[in-house]
Amino acid sequence: MEEKECFCQKTKARTEQEYKDLIHRLNRIEGQIRGIKGMVEKNAYCTDILVQVVAVNAALNSFNKVLLSNHIKTCVTEDIRQGKEETVDELLTVLQKLMK
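About the thresholds
Residues numbered from 1 in each chain as written. Predicted model: local features only at pLDDT ≥ 70, side-chain atom pairs only at ≥ 80, totals over all residues. Heavy atoms only, no water. Helix = DSSP H or I, 4+ residues; strand = E, 2+ residues; numbered from the N terminus. Rg over C-alpha atoms; globule rule 2.2 N^0.38 Å. Contact = heavy atoms within 4.5 Å. Expected span 1.5 Å × (residues − 1). Bend = angle between axes of the 7 residues up to and from the residue. Buried < 20%, exposed > 50% of the residue type's maximum accessible area, 1.4 Å probe, protein only. Core = buried A, V, L, I, M, F, W, Y, C linked by side-chain atoms within 4.5 Å.

A.B. asks: Would you mind showing me how to read the overall build of the protein here?
C.D. replies: Each helix and strand in the protein was counted, giving 3 helices and 0 strands. Ordered by position in the sequence, the α and β elements of the protein form the string α-α-α. Against the 2.2 N^0.38 benchmark of 13 Å for 100 residues, the protein shows a C-alpha radius of gyration of 17 Å, more extended than a compact globule. The principal-axis extent of the C-alpha atoms belonging to the protein is close to 55 × 30 × 25 Å.

A.B. asks: How should the side chain of Thr 87 be read in this particular structure?
C.D. replies: In this fold, Thr 87 is placed in helix H3 (residues 86–98). Contact partners of Thr 87, with chain neighbours within four places excluded, come to Val 76 and Asp 79.

A.B. asks: Any chance you could explain helix H2 (residues 46–81) here in plain terms?
C.D. replies: With 36 residues, H2 ought to run about 52 Å at 1.5 Å a step, and its terminal C-alpha atoms sit 51 Å apart, in line with that. The largest bend in H2 is about 40 degrees, located at Ile 72. Three or more residues of H2 are buried, namely Ile 49, Val 56, Ala 59, Phe 63, Val 66, Leu 68, Val 76 and Asp 79. Buried residues belonging to H2 abut helix H1 (16–41) and H3.

A.B. asks: Just checking my understanding: could you explain the nonpolar core for this structure?
C.D. replies: Note on soluble globular proteins: their nonpolar side chains tend to be buried together. If you look at the biggest cluster of nonpolar residues, it comprises 9 residues: Leu 22, Ile 29, Ile 36, Met 39, Ile 49, Val 56, Ala 59, Phe 63 and Val 66. Of all elements in the fold, only H1 and H2 reach the threshold of two or more residues within this core. Among the elements that line this core, the one with the most residues is H2, at 5 residues. For Val 66, the residues in contact, after removing those within four places along its chain, are Asp 21, Leu 22 and Arg 25.

Here it is as structure tokens:
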């Protein structure tokens, strides 16, 4: 795994499999975005572009579901076991943002 500087307040150690899965999903999404950019550059028909945007949104939603599930099963569960009740408030705030 490549180390990159993170300006996050917290970090999380991920398993190799979790890391590979998330990066694979993000690489596919990145490719879809490049494809949409190419369609705009080639003056593709609007509805054709919109169909691809819907696909990207679905892929991002799927990424969010996987990441959220992993977060709840690991970080949230562990913090609750350690008595860190503020994690539940943090989770609720994130869920509210995801549901907008």
